[in-house]
Amino acid sequence: MRAVDALMECLKAEGVDVVFGLPGGANLPTYDAFYDAGIRHILVRHEAGGGHAAEGYAKATGKVGVSLGTSGPGATNLVTPICDAMMDSVPVVFITGQVRTELLGTDGFQEADTIGITMPIVKHSFMVQHPLELPRFIHEAFHVARTGRPGPVVVDIPQDLSRADIPYEPVTDVHLPGYQPTTDGNQKQIRLAAKALANSRRPVIYAGGGVINAGAAADLTELVLSDRFPVTCTVMGLGGFPAPHDQWLGMLGMHGTRTANYAMDEADLICAIGARFDDRITGKLSEFAPRAKFIHIDVDPAEISKNVPAHIPIVGDAKNILPRLTAEYRALAPDPARLDEWWSRVRAWRERHPLVYEPSTDAEIKPQHMIQALYEATGGDAIVVSDVGQHQMWTAQYYDFAKPRRWINSGGLGTMGFGLPAAMGAKIGCPENTVVCVTGDGSVQMNMQELATCSQNGIAIKVFIMNNGYLGMVRQWQELFWDKRYSQVDMGQWPDFVKVAEAYGATGLRFEDKSTLVADMRQAIATEGPVLVDVRVTREENTYPMIPAGKAARDMVG
Amino acid sequence: MGEPGTKEILSLDELEATAGLRTGRKHILSILVENRPGVLTRIAGLFARRGFNISTLAVGPTDDPSVSRVTLTLDGAKHPIDQVTKQLHKLVNVLKIRDLEPNETLARELALFKVNADGAVRAEVMQICEIFRAKIVDVTKRSVVVEVTGTYEKVEAFERLVRPFGLIEMARTGEIAISRGRSET
């Protein structure tokens, strides 16, 4: 059979039920194979939309997403999703077309060095040089993408090789001698960690996206509840522990709660699980958690002691390690009363510094109120996909995520334009769930074309634009740190989002009144098909509290 | 250092001060990799984007045709060697990494020196070659080409000694290394 037909067999063998892509010259053979392969293909309007959709699908379902593009511009349009997937450890296989082998290196039409361009931003990549390699490479790509610390894998297939006639035999095993991720976790280290937890008087459990990726949310909860451990999550880890809860401190980091950041600051022991001490968490590194010892559990050994030296490193999968850590801890039966003093301190912070904002006195919708209204309208049970900016931080702060894979955003790369297509992918992966996208008027315009994809395929996402007419986060920084010299952040009121929605065949709505907002949102969510809502909010509102860049938790403002 | 993300102006001196810290012990990494296209690019690219500096790099076949050996030397102070090896391990085509212990390692490089050897100084140059057990592999009326093998330090010492005579040009391979004793590197 043709190599591309073998490719279809491989995708089926990997359990792929949907792919996102856009055809072009170099992947014409692949698209010919799709014609009767029986794999659902969503035709996107821009490859970046397809790449983010595959990410959204992967984040919502935990399965490997698949995204396709042609050579040259098709592949370069995928660069942003590839990098985004790398930063947030999202398992996606990107399959790109490449010019015929005889044209390689000649600057042929639509030729780009896809492998070279993407090399720094992939977990791994494969350039097919012989058609017989193709089936094995596809399976190896899925294996690498999904195991260990998940990530993006690129497979680049020259057009002529994809047309080659090859004998196809199903591949049943992968052979990657240089790729053996450690998942077990050393028992001695786990015991040591349990002892450290038992001896600590001011512990904090700090969990990140690794907990979600490992499917270990229940195990994390079990550990936290095995004693009165205070717990906080990164922006990637939200939903890893069911909020709200008495032991939940809220998110930590630059726009985290004061309670969470102060607790980190005063902790004597921090147990990091699937989190990587990003600069948005630590602030000024030299003043980060100065009194603490660190337990660091991560499947990627390179994350351990990268930014903060770990006293008890444990390399492995959280799903595997956490139940053992909980068991070891319980066996020690430490006295919960030792945490009394710590809790009275934490409670005092919580009472003194709740998340607050000044409510409007008229019909004006405050952005924070918009998120609270959305929480109410969805019963706190939607899959919420956000874009990047102020709205993302407000959603992370004010929408309490009680389950994993209900909060999907671009954390590491901070990709504006991620939200709408990722919501599309999430909805395809979880058709039974309500999928809402919270975006900004800046972000949504970066991949708005995918509304057409949603309309054509009946993908019923509900997009709520937090519209303040600004690139709000940049405006906030210019206000606070650059003497309010607003340089190129005013976007005005273009376009008319209601008309845009209608032109794309979606329902367009505009909300401007706080008093009816919850009811209006309920109605928007109940409306069939894709809905785009222009929610007009306060123009100049700042996201608080905040650790200014390069400062420590103690220096929080707002 | 100015606060990141703020309007505080950074002086060039401040930037340079953070860039110039390097006085660690030299590390020799012996890396076995799958002999596939692009593997060296992946290693070099990793070093470039993580800000690790390669001092020398040598690549060649091993006893197994499917495996190549990359020998890399770098300054261990500037970047924790631990982070370098962990990042290298994440490359799927990298099979094995050894951070070689200097005392238990034989490291050699080959260098070619083209040195001015006009009548008067020729004898002296030849004498230095003899001391270093270097070979003269090409000779003209006014110059010699000398082949030197040895450790990085030995080659450095040779260079220091012949430079005053007029060093026309020089080429060095970078060190390759193997562990002492019976066990594999």
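Keep in mind it's a predicted model, so treat the numbers as computed, not measured.

(A) Geometry of the overall build of chain A. Each helix and strand in chain A was counted, giving 22 helices and 18 strands. Over its C-alpha atoms chain A spans a radius of gyration of 24 Å, differing by no more than 12% from the 24 Å that the globule rule assigns to 558 residues. Principal-axis analysis of the C-alpha atoms places the extent of chain A at approximately 70 × 60 × 40 Å. Classification of the 558 residues of chain A by burial places 55% in the buried group. In chain A, 76% of the contacts between residues at least 6 apart in sequence involve partners at least 24 apart.

(B) Quick peek at the interface of chain A and chain B. Each side of the interface is counted separately: chain A has 19 residues, and chain B has 20 residues. Sorting the residues of the side of chain A that touches chain B by element identifies strand E5 (124-127) and helix H20 (472-481) of chain A as the ones contributing at least two each. The class makeup of the residues in the side of chain A that touches chain B is 14 nonpolar, four polar and one charged.

(C) Region of interest: the domain arrangement of chain A. Residues and elements named next belong to chain A. The domain boundaries assigned to chain A delineate domain 1 (3-162), domain 2 (187-352) and domain 3 (367-536). Of note, the centres of domain 2 and domain 3, computed from C-alpha atoms alone, are 31 Å apart. On the domain 3 side, the residues contacting the twelve residues of domain 2 number 13 residues. The residue inventory of the side of domain 2 that touches domain 3, partitioned by class, reads nine nonpolar, three polar and no charged.

(D) Helix H12 (residues 258-266) of chain A, seen in detail. Residues and elements named next belong to chain A. Among the nine residues of H12, eight are classified as buried, and the element is accordingly described as predominantly covered. Considered for burial, the residues of H12 that qualify are Arg258, Thr259, Ala260, Asn261, Tyr262, Ala263, Met264 and Asp265. Contact partners of the buried residues in H12: strand E7 (203-207), strand E8 (231-233), strand E9 (248-251), strand E10 (269-273) and helix H15 (340-352).

(E) The arrangement of the sheet that holds strand E3 (residues 65-69) of chain A in detail. Residues and elements named next belong to chain A. Strand order across the open sheet formed by six strands is E2-E1-E3-E4-E6-E5, with parallel pairing between neighbours. Each end of this open sheet is capped by a strand with a single partner; those strands are strand E2 (40-43) and E5. Each strand axis lies, on average, 20° off the axis of its neighbour in the sheet, ignoring direction. Bridge analysis of strand E4 (residues 92-98) against strand E6 (residues 152-158) gives seven bridges, and the strand direction is parallel. By the bridge assignment for E6, Thr96 is matched with Asp156. Helix-sheet contacts for helix H5 (residues 79-87) involve E3, E4 and E6, and the interaxial angle to E6 is about 145°. Packed onto the sheet, helix H7 (residues 134-146) meets E4, E5 and E6 and runs at close to 165° relative to E6.

Basis of the calculations
- Residues numbered from 1 in each chain as written.
- Chains lettered and ligands numbered in written order.
- Predicted model: local features only at pLDDT ≥ 70, side-chain atom pairs only at ≥ 80, totals over all residues.
- Helix = DSSP H or I, 4+ residues; strand = E, 2+ residues; numbered from the N terminus.
- Rg over C-alpha atoms; globule rule 2.2 N^0.38 Å.
- Buried ≥ 20, exposed ≤ 12 C-beta atoms within 10 Å, placed from the backbone.
- Contact = placed C-beta atoms within 7 Å.
- Nonpolar A, V, L, I, M, F, W, Y, C, P; charged D, E, K, R; others polar.
- Domains from an automatic or database assignment.
- Pairing = 2+ DSSP bridges.
- Axes fitted to C-alpha atoms, helices over the stretch in contact; angles between N-to-C directions.

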